[in-house]
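Take a look at the letters that make up each chain.
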Amino acid sequence: MTTDTATRTERAATVRRPHAWPWAAVAGIVAAAVLLAVAEVFAALVARSASPVLAVGSFIVDIVPRPLKELAITLFGESDKIALLVGVGLGAAVAAAVAGVLEYRFRFVGVTLLGIGGVLATAAILTRAGAGALAWLPPVLGTIAGVAALLLSIARLRRWISAAQAGAAQAAGTNRRQFLVFTGIAAVGAVVVGVGARVLNATTASVAAARDALRLPAARTKVTVPEGANWDIDGLTPIITPNADFYRVDTALTVPNVDPTTWRLSIEGMVDTPVELSFDDLVGMGLDEYGVTLTCVSNEVGGGLVGNAIWTGVPIRDVLRMAGVQGDADMVLSESVDGYTASTPLSSLTDDNLDAIFAVAMNGEPLPFEHGFPVRMVVPGLYGYVSATKWVTKLTVTRFDQAEAYWTPRGYSAEAPIKMSSRVDTPKIGAPVAAGTVVIAGMAWAQPVGVQKVEVSIDDGDWQETQLSTPINDQSWVQWRLEWTAEPGSHYIAVRATDKQGNLQIQDQAPIAPDGSSGWQRTLVTVSS
């Protein structure tokens, strides 16, 4: 008897007893990966917009408080959406790990938690604009697959742990292999299938070939950049912003892929005759070029969320005229293919002196996907969130007291004219310059009036008028420069602009919300001896 007891004790001691909770967490994460992979597969087959991660991410974008949105743009710039997706992924991984541990400890609690996650993802998908009749199918099937994977993997884990605790080495080894093989195959399969489905989804939805093959009619009028409009000064922003460098701020987590052959623009609401135009109908109205600077309301004083391009398109007023706008309307609610909306004063779209257009090209080529291909709005003098709708598909003529756009209930003004601004591009903060003659240069804009002059003050001294580059037009920004005899030490450079109506740039500091930042930029420059 003593010998049998000793033998069992020795045998039990040779069986490695694993820590269950870490493996349970792995099982939960793998189950969540299976859920997402299966959902992506069926999304690619029946409903391309029904991706749980993208739907949840878009939902977060919609509900995030304004201060957090501004903080995200400040911290991550144009990478804010990538940061959000990474955050959603990490959050999902943590929740899945918790579900795995709970399922191991309490039967059916973890799968219930996973199921709740699937229900929330389904709700996020179904509440997105443009959700199709089968949009519920991918997340539901994905949830079923994820729950099954979690149940099967946790069952194998329990058998492994039980055998190890009982000292059954052979059984423990067998169950360990079964758990690891099942979990490994599920994990690898989820990654391969999920990534493949996402690539397939993007590929089948891609209209890159259509964009490459697109041949737009020649513009009837061209924008000529006059001599002296663009100075070649180191550190100074070019007068025309290259497409690849143009800022991007929008609510789309993934860039919509819209086929120009199926794209439609509808004009409805307070109109005499609703209008629907195809892409060919729109460009057939005749194209012209326009030089227009765009500015994001999130642009801080001295910031870079502003750019200037040569846009090709059709005046919005011409399309509205086709519909016959009713007399008591004062606002146009534009809508993107992804459901985003913007409220634009009707007067800004019908004014013959403002080049508000449906743009189809940017700097001589069809719109980049990130900037609204195939059609976007460009409206001079208004911040983008109330005017520059990308991937636009509908205009609803209405009134400000009857409708509101995406950002209005989130603390931004319904109307937002761009505030006149100026900035210092060079010298830059943190980049010392040598004593002697230094060129101070930067950009200024005052849409749609135009810049009359830019002045610089050094160390709170007298304001000195700078030299302006030759403007393209009043709706585009201008460069400015001033030669300065710099002496060693630290110096403050302040800049301000005056528009052609004699208005001075606002000195008082104001935050981004509710209608754009203001204030004179004041830059610290170090001059070395």
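Parameters and conventions
Residues numbered from 1 in each chain as written. Predicted model: local features only at pLDDT ≥ 70, side-chain atom pairs only at ≥ 80, totals over all residues. Heavy atoms only, no water. Helix = DSSP H or I, 4+ residues; strand = E, 2+ residues; numbered from the N terminus. Buried < 20%, exposed > 50% of the residue type's maximum accessible area, 1.4 Å probe, protein only. Contact = heavy atoms within 4.5 Å. Areas by Shrake-Rupley, 256 points an atom, 1.4 Å probe, with all protein chains shown as cover. Pairing = 2+ DSSP bridges. Axes fitted to C-alpha atoms, helices over the stretch in contact; angles between N-to-C directions. Parallel < 35°, antiparallel > 145°, perpendicular 65-115°, else oblique. Left-handed = near helix turned anticlockwise from the far one by under 90°. Nonpolar A, V, L, I, M, F, W, Y, C, P; charged D, E, K, R; others polar. Phe/Tyr/Trp six-rings, centres within 6.5 Å; stacked < 30°, edge-to-face > 60°. 1 Å grid on protein atoms, 1.4 Å probe; cavity = no way out; pocket = protein on both sides within 12 Å on 5 of 7 lines; lining within 4 Å. Points joined across faces, edges and corners; volume = space filled by probe spheres on them. pLDDT = per-residue confidence, 0-100. Patch = residues over 30% accessible without salt bridge, like charges linked within 9 Å, V, L, I, M, F, W, Y side chains within 5 Å. Salt bridge = Lys/Arg side-chain N within 4 Å of Asp/Glu carboxyl O. Expected span 1.5 Å × (residues − 1). Core = buried A, V, L, I, M, F, W, Y, C linked by side-chain atoms within 4.5 Å.

### Overview of the overall build of the chain
When helices and strands are counted, the chain shows 12 helices and 19 strands. Across the 529 residues of the chain, 50% fall into the buried class. Excluding contacts between residues fewer than 6 apart, the proportion of contacts in the chain whose partners are at least 24 apart in sequence is 75%. Accessible surface, the chain: about 23700 Å² in total, of which carbon and sulfur atoms supply 58%.

### Looking at the sheet that holds strand 17 (residues 478–486)
The strands making up a sheet are joined through hydrogen bonds of the backbone, oriented either antiparallel or parallel. The four strands are arranged 11-13-17-16 in an open sheet whose pairing can be described as antiparallel. Here the strands that pair on one side only, and so sit at the sheet edges, are strand 11 (421–426) and strand 16 (467–468). In the sheet, strand 11 pairs with strand 13 (residues 436–445) via five bridges, with the strands oriented antiparallel. Directly across from Arg423, in strand 13, lies its bridge partner Met443.

### A few points about the packing of helix 2 (residues 20–46) against helix 7 (residues 137–166)
Look at helix 2 against helix 7: their axes get within 7 Å of each other, and the N-to-C directions meet at 155 degrees. With respect to helix 7, the element helix 2 is oriented roughly antiparallel. In terms of crossing hand, the pair formed by helix 2 and helix 7 is right-handed. Taken together, the residues that form the contact of helix 2 with helix 7 break down as 23 nonpolar, five polar and no charged.

### Regarding the packing of aromatic side chains
In this structure the tally under the stated criterion is 13 aromatic pairs. A ring pair is formed by Trp263 and Phe279, whose centres lie 6.3 Å apart and whose planes are at 85 degrees; its orientation type is edge-to-face. Residue Trp263 is located in the loop between helix 9 (208–213) and strand 1 (264–269), and its partner Phe279 is located in helix 10 (residues 279–283); the two are separated by 16 residues in the primary sequence. With relative accessibility at 3%, the residue Phe279 sits in the buried group. Plain terms: the ring middles of Tyr406 and Trp407 are 4.9 Å apart, the flat faces sit at 80 degrees to each other, and that makes the pair edge-to-face. By relative accessible area, which is 10% here, Tyr406 ends up buried. Overall, the relative accessible area of 9% leaves Trp407 in the buried class.

### Re empty space enclosed by the protein
Overall, the coordinates contain two cavities of 30 Å³ or more when judged by the stated rule. Residue classes in the lining of the largest cavity are distributed as four nonpolar, eight polar and two charged. The calculated volume of the second largest cavity comes to roughly 30 Å³. Lining the second largest cavity are Gly450, Val451, Pro471, Asn473, Asp474, Ser476, Val478 and Lys500. Looking at the lining of the second largest cavity residue by residue, the classes come out as three nonpolar, three polar and two charged.

### Notes on the sheet that holds strand 12 (residues 433–434)
An order of 12-19-18-14-15 is seen for the five strands of this open sheet, with the pairing classed as mixed. Where the open sheet ends on each side, the last strands, each with one partner, are strand 12 and strand 15 (463–465).

### Thoughts on unusual backbone geometry
Glycine aside, negative phi is the norm for most residues, and most peptide bonds take the trans geometry. A cis geometry characterises the amide bond from Thr426 onward to Pro427, with omega recorded as 0 degrees. Structurally, Pro427 is set in the loop between strand 11 and strand 12. Of note, the amide linkage connecting Ala513 to Pro514 takes the cis form, showing an omega dihedral of 5 degrees. Examined against the element boundaries, Pro514 turns out to sit in the loop between strand 18 (489–499) and strand 19 (521–528). Its identity is not glycine, yet Asn363 carries a phi of approximately 55 degrees, on the positive side. Along the chain, Asn363 turns up in the loop between strand 7 (357–362) and strand 8 (365–366).

### Focus on the confidence of the model for the chain
Looking at the chain, pLDDT values average 89 and 88% of them are 70 or higher. For residues 5–13, every residue scores under 50 in pLDDT, and the model assigns this stretch two contacts once sequence neighbours within four places are set aside.

### Overview of a nonpolar patch on the surface
Side chains of Leu45, Val46, Leu126, Leu134, Trp136, Val140 and Ile144 sit close together on the surface and give an oily, nonpolar patch of about 620 Å² of accessible area. Of all the secondary-structure elements, those providing two or more residues to the nonpolar patch are helix 2 and helix 7. Note on placement: Val140 falls in helix 7. Val140 sits in the partly exposed class, given a relative accessible area of 31%.

### Some points on helix 7
Taking 1.5 Å per residue as the helical rise, helix 7 with its 30 residues ought to reach 44 Å, and the 44 Å between its terminal C-alpha atoms agrees with that figure. Of the residues flanking the end of helix 7, it is Gly167, one or two places downstream, whose phi is positive at about 80 degrees.

### A word on the packing of helix 6 (residues 109–126) against helix 7
Between helix 6 and helix 7, the shortest axis-to-axis distance is 9 Å and the interhelical angle comes to 165 degrees. Our classification of the angle between helix 6 and helix 7 gives roughly antiparallel. When the axes of helix 6 and helix 7 are compared, the crossing they make is right-handed. Residues Gly110, Val111, Leu114, Gly115, Gly118, Thr122 and Ile125 of helix 6 lie in contact with helix 7, whose contacting residues are Pro139, Val140, Thr143, Gly146, Val147, Leu150 and Leu151. Residues of the contact of helix 6 with helix 7, tallied by class, amount to eight nonpolar, six polar and no charged.

### Focus on the nonpolar core
The tendency in soluble globular proteins is for nonpolar side chains to be buried as a group. Grouped together as the largest cluster of nonpolar side chains are 72 residues, with contacts concentrated most on Ile267, Leu282, Trp311, Phe358, Tyr385 and Leu395. The element best represented in this core is strand 7, accounting for five residues. Beyond its immediate stretch of four places on either side in the chain, Ile267 contacts Pro274, Val275, Val319, Leu320, Ala323 and Leu395. Residues Ala31, Ala97, Ile154 and Ile161 belong to the second largest nonpolar core, which totals 27 residues.

### Notes on the pattern of salt bridges
Applying the stated criterion to the full structure yields 18 salt bridges. Notably, a salt bridge pairs Asp401 with Arg399, separated by 3.2 Å at the nearest N-O pair. Taking relative accessible area as the criterion, Asp401 reaches 58% and is therefore assigned exposed. Since its relative accessible area comes to 22%, Arg399 is described here as partly exposed.

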